[in-house]
Amino acid sequence: MSTTDAAPPSSFQVDRAAMRHLADAQVNVELDTGDMILNLGPQHPATHGTLRLVVRLDGERVISADPVIGYMHRGYEKLTEFRTYPQITTLINRIDWLSSFANEVPFMTAAEQLMGIEAPPRATYIRTVLTELSRIATFLLFLGEMGLQVGALTPAFYGFRDREYVLNLIEAATGGRFHPNFNRIGGLKDDLPWGWIAECRSTMKIVLDACDDFEDLVLGNEIFRARTRGIGIIPAATGAPYGVSGSNLRASGVDWDLRRDARPYLAYPDLDFQVWTHPDGDSYSRYWVRLQETRESARIVLQCLDGIPAGPIMAKVPRIIKVPAGETWVETENPLGQMGYYVISKGATGPFRVKIRSASFSNVSILPWLLRGVYVPDVITILASLYFILGDIDR
Amino acid sequence: MPRLHKPKMPGLIGGLGITFKTMLRPAVTVQYPHEREAPVTRARGVIALKEENCTSCMLCARQCPDWCIYIEGHKEQRPPRREGGRPRSVNILDRFDIDYALCMYCGICVEVCPFDALFWTPEFEYSEFQIGRLLHDKVKLGDWMQTVPEPEPLEVGAETKGKK
């Protein structure tokens, strides 16, 4: 009697091609084992929030995995229609809460484009510094947490410790650790406090040292390599059609970074930085690329600090902000990938419609393809290495 | 091909070296209730109200993204300043409540206030066991005024003057 020929009992699609290459498929046929449906989540420590994975298992192998999202849907696209532009900054802080400042930048750029104003160069540079700082904060958490997911507790503490230095910097400049709400249409809320630049320089040294530590502690670890090498491979030809972006796609060898390739935004055209790619596309290379990007971000911050021009931080904007009718699309390279806002304005104080393209939503869409045929412990590793934020998925 | 990591010694030993190095360094944790860090000057902890500056113009209540400010006021006639002048009407603030259970700490109210009646202070120790007690009335908001810090100097190259 063979289970592989029997029709699947539920609506789940069993991919027979994937089944056929399983090494132990023959054993299962002989033992006549049934499939098991396992709910990973919505409350599971390895899912960083309320992501639910309906996993169909054959022994230890995953036959199919179905991400169920939306447990944290807050309806930001709709909420923006009833808010004015300055109020929306507060909301979009909370989309990807680990890199809030990077969320603000594309929306503010879109509003500025529609109004035909441009932020002064000093504001642009400070924005660039804070965006890169939020990228470093996000990635430092990843560098620690990824170790945690493969069973190493030590790097998690180091990651949180080093991220705290960066968050202190963000708090000293903006007033908020997590939700800076520092961007205004036409510039920034306030200038940097006295002594901030010197403090930032010394913190970047801490970050660069931390990266060296992570390289030895995690990347050099044989257990970590065994758990991540060749696990969860995303080929470039598959990742791009699924909409995977950011470091996840660069780890698959696609040399695509919006900081360099998109319509120029912030101070990136003036800066000299390298885009890191890795040809393998497995969990290990995703960690490797993020580690290199953390270093690169620290270098970008140091470059920016050297070149911050003097001058005002706000352009001339009317007291009551009314954005002229029109529509625009602005995309930026956020820590998690491509983030974009399509803003339609009808000339009121608030937008008519905002479409939010968040990186994690597209990044997890590859999960059903990626998790097919892997072992259950590797599911956790792959989820961690994709690095999504639930608020960024559900919005 | 990118440069791949080539460990000089077995990675497990290298990792242990880092944990040992960290062990020799002093701890960075702060034992919170017994010792505390001073928050930065700009930290958005709680909003203080300077009642005499408030004209109950409702700008803050209207601009609040989640409408957590409740203002009630009325006008009173006061005798004219000079002989034969018209009687003045002044705005009296009856109620000014901020519901910190709803507040998103965005600071829009502080920014839009045209009469400098609202200030940020870095105080943060006002948690309550009952959610209703997070509604601070104008007396409690006025008490926070004592904790408003002096504006700090700005970084080199800044053109604008510090706020207030």
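Trainee: Before we go on, may I ask you to explain the overall build of chain A in this structure?
Mentor: What chain A contains, in helices and strands, is 17 helices and eight strands. Taken over C-alpha atoms, the radius of gyration comes to 22 Å for chain A, in line with the 21 Å a tight globule of 395 residues would show. In terms of its C-alpha atoms, chain A occupies a principal-axis envelope of roughly 80 × 50 × 35 Å. Out of the 395 residues in chain A, the part that is buried amounts to 62%. Nonlocal contacts in chain A, meaning residues at least 24 apart in sequence, comprise 72% of its contacts between residues at least 6 apart. Taken as a whole, chain A presents about 14400 Å² of accessible surface, with 57% of it coming from carbon and sulfur. The positive charge centre, built from 39 side chains, and the negative charge centre, built from 45, are 7 Å apart in chain A.

Trainee: Before we go on, may I ask you to explain the packing of helix 13 (residues 283–307) of chain A against helix 16 (residues 376–386) of chain A in this structure?
Mentor: Two measures define how a pair of helices packs: the angle their axes make with one another and the distance between the axes. Residues and elements named next belong to chain A. Between helix 13 and helix 16, the least distance of the axes is 9 Å, while the angle of their chain directions is 25 degrees. By the angle class used here, helix 13 and helix 16 are roughly parallel. Remark: the crossing between helix 13 and helix 16 carries left-handed chirality. Mapping the contact onto sequence places S283, R286 and R290 in helix 13 and T381, I382, S385 and L386 in helix 16. Here the contact of helix 13 with helix 16 is composed, by residue class, of two nonpolar, three polar and two charged.

Trainee: I'm lost on the sheet that holds strand 8 (residues 353–357) of chain A in this one. Help?
Mentor: Sheet strands pair via backbone hydrogen bonds, and the direction of the pair is either parallel or antiparallel. Residue and element names in this part refer to chain A. As summarised here, the arrangement of the three strands in space is 6-7-8, forming an open sheet in which the pairing is antiparallel. Unpaired on one side and paired on the other, strand 6 (326–334) and strand 8 mark the two borders of the sheet. Geometrically, the sheet is characterised by an average inter-axis angle of 10 degrees between neighbouring strands, direction not taken into account. Across nine bridges, the pairing between strand 6 and strand 7 (residues 337–345) is antiparallel. Residue E331 lies in a different strand from strand 7, and its bridge partner there is G340. This element, helix 5 (residues 100–115), spans strand 6, strand 7 and strand 8 of the sheet and lies at about 150 degrees to strand 6.

Trainee: What am I meant to see in the domain arrangement of chain A here?
Mentor: A common way to state how big an interface is: give the accessible area lost once the parts meet. Annotation of chain A at the domain level lists domain 1 (9–68) and domain 2 (76–394). For domain 1 of chain A versus domain 2 of chain A, the separation of C-alpha centres amounts to 32 Å.

Trainee: Help me out: how do you make sense of the pattern of salt bridges in this one?
Mentor: Charged atoms that come close allow side chains of opposite charge to pair. Following the criterion strictly, the structure yields 34 salt bridges over all chains and no others. Here B:K138 makes a salt bridge to B:E51, at a shortest N to O gap of 3.4 Å. One end of the pair, B:K138, is in helix 4 (residues 138–143); the other, B:E51, is in the loop between strand 1 (46–49) and helix 2 (59–63), and 87 residues separate them in sequence. Here the salt bridges share partners, and the residues they tie into one network are A:E132, A:R135, A:R250, A:D257, A:R259, A:E293 and A:E333.

Trainee: What should I look at first to understand the interface of chain A and chain B in this one?
Mentor: The interface of chain A with chain B comprises 52 residues on the first partner and 40 residues on the second. For the pairing of chain A and chain B, the buried interface totals around 3800 Å² over both sides, and the portion due to carbon and sulfur atoms is 52%. Broken down residue by residue, the surface that chain A buries against chain B is led by A:Q87, A:R161 and A:W194, which jointly contribute 13%. Among the ionic pairs, B:E111 bridges to A:R184, the shortest N-O distance being 2.4 Å. Counting every contact that joins chain A to chain B gives 13 residue pairs in polar contact (both at pLDDT 80 or more). Sorting elements by how many residues they give to the side of chain A that touches chain B places helix 7 (residues 154–174) of chain A first, with eight residues. Looking at the side of chain A that touches chain B residue by residue, the classes come out as 21 nonpolar, 15 polar and 16 charged.

Trainee: For this particular structure, what's the right way to read the packing of helix 7 of chain A against helix 1 (residues 11–24) of chain B?
Mentor: Viewed as axis vectors pointing N to C, helix 7 of chain A and helix 1 of chain B meet at an angle of 50 degrees, and their least axial separation amounts to 12 Å. Here helix 1 of chain B runs oblique to helix 7 of chain A, going by the angle between their axes. Two packed elements cross with a definite hand, and for helix 7 of chain A against helix 1 of chain B that hand is left-handed. Across from A:T154, A:Y158 and A:R161 in helix 7 of chain A, the residues of helix 1 of chain B making contact are B:I18, B:T19 and B:T22.

Trainee: Mind showing me how you'd approach helix 4 (residues 85–92) of chain A here?
Mentor: Note: α-helices contain 3.6 residues per turn, so residues at a spacing of three or four share the same orientation. The buried count for helix 4 of chain A comes to seven of eight residues, which makes it a mostly enclosed element. Regarding helix 4 of chain A, the residues found buried are A:Y85, A:Q87, A:I88, A:T89, A:T90, A:L91 and A:I92. The secondary structure elements touched by the buried residues of helix 4 of chain A are helix 3 (76–79), helix 5, strand 4 (183–184) and strand 7 of chain A together with helix 2 and helix 3 (108–112) of chain B.

Trainee: Before we go on, may I ask you to explain a nonpolar patch on the surface in this structure?
Mentor: Taken together, the side chains of A:L148, A:L153 and A:F157 define a hydrophobic patch exposed on the protein surface, amounting to about 300 Å² of accessible area. Tracing the backbone through its elements, the reader meets A:F157 in helix 7.

Trainee: Is there a simple way to explain the side chain of A:N363 in this structure?
Mentor: Residues and elements named next belong to chain A. Assignment of secondary structure puts N363 in helix 14 (residues 359–364). Looking at N363, its side chain comes within polar contact range of the main-chain oxygen of L336, at 3.2 Å. When near neighbours in sequence (up to four residues on either side) are disregarded, N363 contacts G243, V244, S245, N248, L336 and L386.

Trainee: Hey, could you run me through the packing of aromatic side chains in this one?
Mentor: In this description, an aromatic ring pair is defined by two values, namely the gap between the centres and the angle between the planes. Residues and elements named next belong to chain A. Evaluated as defined, the whole model comprises 14 aromatic pairs over all chains. Between F107 and Y341, the ring centres sit 5.5 Å apart and the planes meet at 75 degrees, which makes this aromatic pair edge-to-face. Of this pair, F107 sits in helix 5 while Y341 sits in strand 7; the two residues are 234 residues apart in sequence, bridging distant segments of the chain. The residues F107 and Y341 share a single accessibility class, namely buried. Ring geometry for F224 versus Y284: centroids 6.4 Å apart, planes at 50 degrees, classification tilted. One end of the pair, F224, is in helix 9 (residues 222–228); the other, Y284, is in helix 13, with 60 residues separating them in the sequence. For the pair formed by F224 and Y284, the shared burial category is buried.

Trainee: For this particular structure, what's the right way to read the sheet that holds strand 2 (residues 69–78) of chain B?
Mentor: Residues and elements named next belong to chain B. Strand order in the open sheet formed by three strands is 2-3-5, and the pairing between neighbours is antiparallel. What marks the edges here is a single partner per strand, and that holds for strand 2 and strand 5 (135–136). Pairing between strand 2 and strand 3 (residues 88–99): 10 bridges, direction antiparallel. Pairing of R78 across the sheet is with R88, part of strand 3.

The rules behind the values
- Residues numbered from 1 in each chain as written.
- Chains lettered and ligands numbered in written order.
- Predicted model: local features only at pLDDT ≥ 70, side-chain atom pairs only at ≥ 80, totals over all residues.
- Heavy atoms only, no water.
- Helix = DSSP H or I, 4+ residues; strand = E, 2+ residues; numbered from the N terminus.
- Rg over C-alpha atoms; globule rule 2.2 N^0.38 Å.
- Buried < 20%, exposed > 50% of the residue type's maximum accessible area, 1.4 Å probe, protein only.
- Contact = heavy atoms within 4.5 Å.
- Areas by Shrake-Rupley, 256 points an atom, 1.4 Å probe, with all protein chains shown as cover.
- Lys, Arg positive; Asp, Glu negative; His and termini not counted.
- Charge placed at Lys NZ, Arg CZ, Asp CG, Glu CD.
- Axes fitted to C-alpha atoms, helices over the stretch in contact; angles between N-to-C directions.
- Parallel < 35°, antiparallel > 145°, perpendicular 65-115°, else oblique.
- Left-handed = near helix turned anticlockwise from the far one by under 90°.
- Nonpolar A, V, L, I, M, F, W, Y, C, P; charged D, E, K, R; others polar.
- Pairing = 2+ DSSP bridges.
- Domains from an automatic or database assignment.
- Salt bridge = Lys/Arg side-chain N within 4 Å of Asp/Glu carboxyl O.
- Buried area = accessible area lost by both parts, 1.4 Å probe.
- Polar contact = N/O pair within 3.5 Å; in protein donor to acceptor, adjacent residues only side chain to side chain.
- Patch = residues over 30% accessible without salt bridge, like charges linked within 9 Å, V, L, I, M, F, W, Y side chains within 5 Å.
- Phe/Tyr/Trp six-rings, centres within 6.5 Å; stacked < 30°, edge-to-face > 60°.

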